Every structure is written in C-alpha cells, then in structure tokens.
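# What the coordinates show
So the chains spell out like this:
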Amino acid sequence: MKPVRAILIGAGQRGAEAYAPYALKHPNELKFIAVAEPDEERRRKFANVHAIPEKYCFTTWEEIMEQPQLAEAAIITTQDWLHTRPAIAAMERGYHVLLEKPMATSLEECQQLIEVSERNQRQLHICHVLRYTQHARKMREIVQSGVLGEIIDVDHRENVSFWHMAHSYVRGNWRNRHQSSPMILAKCCHDLDILPWILGQKPILLSSCGELTHFRSDKAPINTPERCVDGCPIERECPYSAIHIYIEMQPFWHSYRETCTNFFNKAILDAWLKNPALIRNFSRIFPFLRQITDYKGWPLTVLTQDPSPDKIREALRNGPYGRCVYHCDNNVVDHQVVSMQFQKGTTVTLTMHGHSHVEHRSTRIEGTRGRLMGVLGNGGGWITVEEHRSRKKLCVDTSPPTGEGHGGGDSQLMAEFVAQVRAGGYSDAIKEAAREALFSHYLAFTAEQARIEKKVITINPEEIYSQ
Ligand SMILES: NC(=O)c1ccc[n+]([C@@H]2O[C@H](COP(=O)([O-])OP(=O)(O)OC[C@H]3O[C@@H](n4cnc5c(N)ncnc54)[C@H](O)[C@@H]3O)[C@@H](O)[C@H]2O)c1
C-alpha cells in the first residue's frame, strides 16, 4: 500500500519532533513530501531527515499554498496565532488538515475553520492529543460502563509543574495572552475537550476565577539580576533557576520518575537523581543510559536546535529562557479554576495551576456506586476504581510505551489521522469530532470571559453545535 502523502507547515517542536517521527517509524503509512518553514536550520534539518528535495522546501505557508495541491494531507503546526489562515488555505486547496490546538485564538476564527471544512468537505482534525491516550479512553470506558453509577462530581486538575510553568508560560511562547492565547485555552482546551467526552454530557453553567499571583516583578527577591547566569545571589536555592532546569535537568527527571510505573526505569531514574556522575560512568558500558545522560529532547530543543551543553549555556546567556522568572514580560495567569454544572446535574471543577511539584493531570470522579481516580504524567499513568458496596478495587496501568509523548497520544493521533485520510470522504463522525473541538474552545473562551468579567455564564451547547 502506498503511504499517505503529507506536507508540513511549521517544522518546529510539535511538527518536526512530536508528529513527523511517525512517518519515519511507519514509512508505509505516511511520507512527508514538502515542508514550509522560515527558519533555515529547521527547514534543512527536516528536509534531510525526510528526504525532501530542495524544490519542495518552502519558507512560508503562503508559498506552499501557491503550488498546486501536492499531497492528500497538510499538517499545520505553526504558533497559535498562525493557524487559521494556513488551515483555511489548505482546505480550500483540497487538503485534509491536521491542525494543532488551539484551532485559533478567537471563537470567530474557530467557527470560520469549521465552516470552511464543512463547505469543502475537507477533514479537519484538531490535535487534542489527550483523547487519543489509553488513559483518557479507559476513563471514558469506565464512566460509560455504569460501574460508578450516576456521576455526581468531578475534580479534574491540570497540575502544571513549576518548571514547565516557568518554561512555557513565564519565559516561553505562551507567556503573553495577547501574543499567543490565554493559558486556559493554551493548556486546558484538551481538558475541556475530554471532560464532556468522558462524561457523555455537556456543561450548561460556568464560572471561573484566577490570576497571576507569583511570577511578577513585585515578587522578585531583592537583588535578583535580569538573568540567572548573571551572578544571581539566590541561584542555588531558586526552584526556577534556568541552570537547574536546563543544565542540571533535575526537576524534569524528578517529574518523570514520580509518574513512572516501570520499576526498572524508576530505579534508574532514582540512581540518576541521587548520583548523576555514577550513571554517567555506567553509560559508557550501557548505552541505553545515554537516553538520560545525553538527553536532547523537549524542553531543550526549544532553546536551541542543537542542545549541546555549550549551546544551552549560550541560550541561557542570550535567549529568553535564561531570564529571571520575576523579570519577564509574562501576563498569563498562574492558577485558574473553572466550575461547571453539566446537563445531568454533575458538578465539575477544572483546576489549572503552575506550581505543581510534579507535572501531571489528576482526575477524581465520584459516582453513586463508586469512585475513579486517575493520574497521568510524563512518566506514565494509572487509574483506580473502587466500588462503594463491595469495596472491590481495580487498578489499571495506563502508561504508554517508554518515550511516547503525551501519554502515547501523539503517535495514536497520527495513526488515526493517517487512517482517516486514507479512508477519505467526510463522515458524520469526522464532522462531529471537529464540532466537539470547537465546543471545547468555546468553553475555554467562555472561562476566560467569566474570569475577567467575574460572571457566571449560561451555556447553550446547541447554539455551538448548530451554528
Ligand atoms: N497538542 C499539544 O498538546 C501541544 C503541545 C504543545 C504545543 N502545541 C501547539 O503546537 C503549536 C506549535 O508549537 P511549537 O512548540 O511546535 O512551536 P514552534 O515555534 O517550535 O514551531 C512553530 C514553527 O512554525 C514556523 N513558522 C513561523 N511562521 C511560519 C510561516 N509563515 N509558515 C510556515 N511556518 C512558520 C516557526 O518558524 C516554527 O518553526 C502551537 O500552536 C502550540 O500551542 C500543542
């Protein structure tokens, strides 16, 4: 069978590193035949890895869209504010589209994307990777099996770790809500997508509160310089030290260890965290240890294309990721709670905060017959179900194979996207999934409005589904 052909628009962290490796692992399923990327180093690297000839390498999405349709699929992984125009152009040209979340940064643009997809009968898939994880699918299956009885209350938390918050929402690309998106959209459109999907009902009432409490100049300890590497007096004790986060990498591996369910991997990470020099020595004999000792993936690749120690130090001296977290130009919240009432009376709170000790999502679902608790982090995940009367307890390990991003969601999303493009057509299920993505974005915009205006907002799901 011939592979599905695709073009990539935006060969950045998500496009080149999270989704495109699927084509290398499954060459019979997917082949990238063209790329549009303004950054020359990224464009070259992508073209080399995927064997794309020079004439199919373009600098912008506009250039690639000036060509006749080159492939069946377009994967669009540009930054938040650059989703709508390339996605509309691609669908108008005839491509089926895989578009990164958020679909767009305004509700009007999200609606416009749906309209273009439906009018042209071109598939529009949104990268709501959580939906594709074994973890979320298992939670849905359990809730819908009825074993928990009637669902009364849900407490779902997006526990963004202190170091991920500092990386993405204080120093990084999503720090400023006017330049990218409000954090509830950037970080939680996934959660707002899976909650109605798991529960099989939609919210009808919503309120929200939250603010930026900590990462502000008035909270800066005295005498802190603009950069961690500029002789900061508290560098050795500050959890947000860029040296600690990007050179020592201890918080990253600690988060990984805390949610890892594989005994062997956990033991190795323990040893690495306690004695890095020992593991470094062992890595000469056991090359698999170099996955840790010579780690070169996210978040390091955001700082530099070649995350060697020298290049990282240079990035900390000159780039945005070396800045003191109290002296940045950030304005997104660092904690926000969204409270909702769903159609069948279920109350749901979604808590997002950027001060978690460990990176993970946690879910607690209380029903009339039992409760479910779930944890999903970058090391792995698990779910427990306890029945009230029998006190029977079921534990399910939902960890993806080691190394798979977003709980295995990234690669499963690609597998299903490729299968849908291969099948072609524009089924009701595809249309419905795109509308569900629109609804999750609508909830995020509404939550932000409720937070800013301090309001309780009534939601009419039918309005969004029928527009
Ligand atoms: N699904 C998820 O869970 C998830 C996780 C993280 C990020 N994201 C989203 O993925 C998107 C990309 O994030 P990223 O971290 O990969 O960003 P990135 O900055 O690493 O990648 C974006 C790329 O687009 C390129 N680009 C800029 N202008 C362009 C143009 N005119 N034509 C073509 N390419 C252009 C940039 O040079 C860059 O390489 C964002 O919208 C982000 O919110 C999604």
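As shown above, the structure is provided for reference.
A few points on the structure.

Here is what the cut-offs are and how they apply
- Residues numbered from 1 in each chain as written.
- Predicted model: local features only at pLDDT ≥ 70, side-chain atom pairs only at ≥ 80, totals over all residues.
- Heavy atoms only, no water.
- Phe/Tyr/Trp six-rings, centres within 6.5 Å; stacked < 30°, edge-to-face > 60°.
- Helix = DSSP H or I, 4+ residues; strand = E, 2+ residues; numbered from the N terminus.
- Pairing = 2+ DSSP bridges.
- Axes fitted to C-alpha atoms, helices over the stretch in contact; angles between N-to-C directions.
- Contact = heavy atoms within 4.5 Å.
- Near = heavy atom within 4 Å.
- Polar contact = N/O pair within 3.5 Å; in protein donor to acceptor, adjacent residues only side chain to side chain.
- Areas by Shrake-Rupley, 256 points an atom, 1.4 Å probe, with all protein chains shown as cover.
- Nonpolar A, V, L, I, M, F, W, Y, C, P; charged D, E, K, R; others polar.
- Domains from an automatic or database assignment.
- Parallel < 35°, antiparallel > 145°, perpendicular 65-115°, else oblique.
- Buried < 20%, exposed > 50% of the residue type's maximum accessible area, 1.4 Å probe, protein only.

This part covers the packing of aromatic side chains. Following the criterion strictly, the structure yields 15 aromatic pairs and no others. The interplanar angle of 80° and the centroid separation of 5.5 Å between the aromatic rings of Phe32 and Phe46 together place this pair among those described as edge-to-face. In this pair, Phe32 is assigned in strand 2 (residues 30-36) and Phe46 in helix 3 (residues 40-49), connecting sequence segments 14 residues apart. Between Phe286 and Phe288 the ring centres are 6.3 Å apart and the planes differ by 55°, which places this aromatic pair in the tilted class. An aromatic cluster of three or more residues is present, and its members are Trp163, Phe252, Trp253, Tyr256, Tyr295 and Trp298.

Pairing in this open sheet of nine strands is mixed, and the strands run 14-13-12-11-7-10-9-8-15 from one edge to the other. The sheet is open, and its two borders are formed by strand 14 (393-397) and strand 15 (456-458), each paired with just one other strand. Sheet twist, expressed as the average angle between the axes of neighbouring strands with direction ignored, equals 15°. Both strand 7 (residues 151-161) and strand 11 (residues 360-367) contribute to a ladder of eight bridges, which runs antiparallel. Pairing of Ile151 across the sheet is with Gly367, part of strand 11. Strands strand 7, strand 11, strand 12 (370-377), strand 13 (381-387) and strand 14 of the sheet are contacted by helix 7 (residues 134-145), whose axis makes an angle of about 15° with strand 13.

As a further point, take the site of the ligand. Around the ligand, 27 residues are found, and the nearest of them are Gln13, Arg14, Glu37, Arg42 and Asp80. Side-chain polar atom of Arg42 to an oxygen atom of the ligand: 2.6 Å apart, as the coordinates give it. Here a nitrogen atom of the ligand and a side-chain polar atom of Glu100 are 3.0 Å apart. In isolation the ligand exposes 850 Å². Once the protein is present, 86% of that is buried. No other element matches helix 1 (residues 13-19), which puts three residues into the shell around the ligand. The class makeup of the residues in the shell around the ligand is eleven nonpolar, ten polar and six charged. When residues are assigned to domains, the shell around the ligand turns out to be shared by domain 1 (4-126) and domain 2 (131-215 + 331-409 + 437-466), each giving three or more.

Let us now look at the side chain of Glu448. With respect to the secondary-structure elements, Glu448 resides in helix 18 (residues 428-453). Look past the residues within four positions of Glu448 in its chain and what remains in contact with it is Arg177, Pro182, Ile184 and Gln336.

Relative to each other, helix 6 (residues 107-120) and helix 18 sit at 175°, their axes nearing to 10 Å. On the basis of the axis angle, helix 6 is roughly antiparallel to helix 18. Each of Leu107, Cys110, Gln111, Ile114 and Glu118 in helix 6 lies in contact with helix 18, whose residues at this interface are Lys431, Ala434, Arg435, Leu438, His441, Tyr442 and Phe445. Residues belonging to the contact of helix 6 with helix 18 are distributed by class as follows: seven nonpolar, two polar and three charged.

Extensive coverage of helix 5 (residues 84-93) is indicated by the burial of seven of its ten residues. The set of residues buried in helix 5 consists of Thr84, Pro86, Ala87, Ile88, Ala89, Ala90 and Met91. Packed against the buried residues of helix 5 are strand 1 (4-9), helix 4 (61-66), strand 4 (73-76), strand 5 (96-99), helix 6 and strand 6 (124-126). Gly94 sits one or two positions beyond helix 5 and adopts a positive phi of about 115°.

On to helix 8 (residues 162-170), then. With nine of nine residues buried, helix 8 is to be regarded as a mostly interior element. Of the residues making up helix 8, those classed as buried are Phe162, Trp163, His164, Met165, Ala166, His167, Ser168, Tyr169 and Val170. Against strand 7, helix 9 (183-199), helix 10 (242-248), helix 11 (250-258), helix 15 (300-303) and strand 10 (347-356) lie the buried residues of helix 8.

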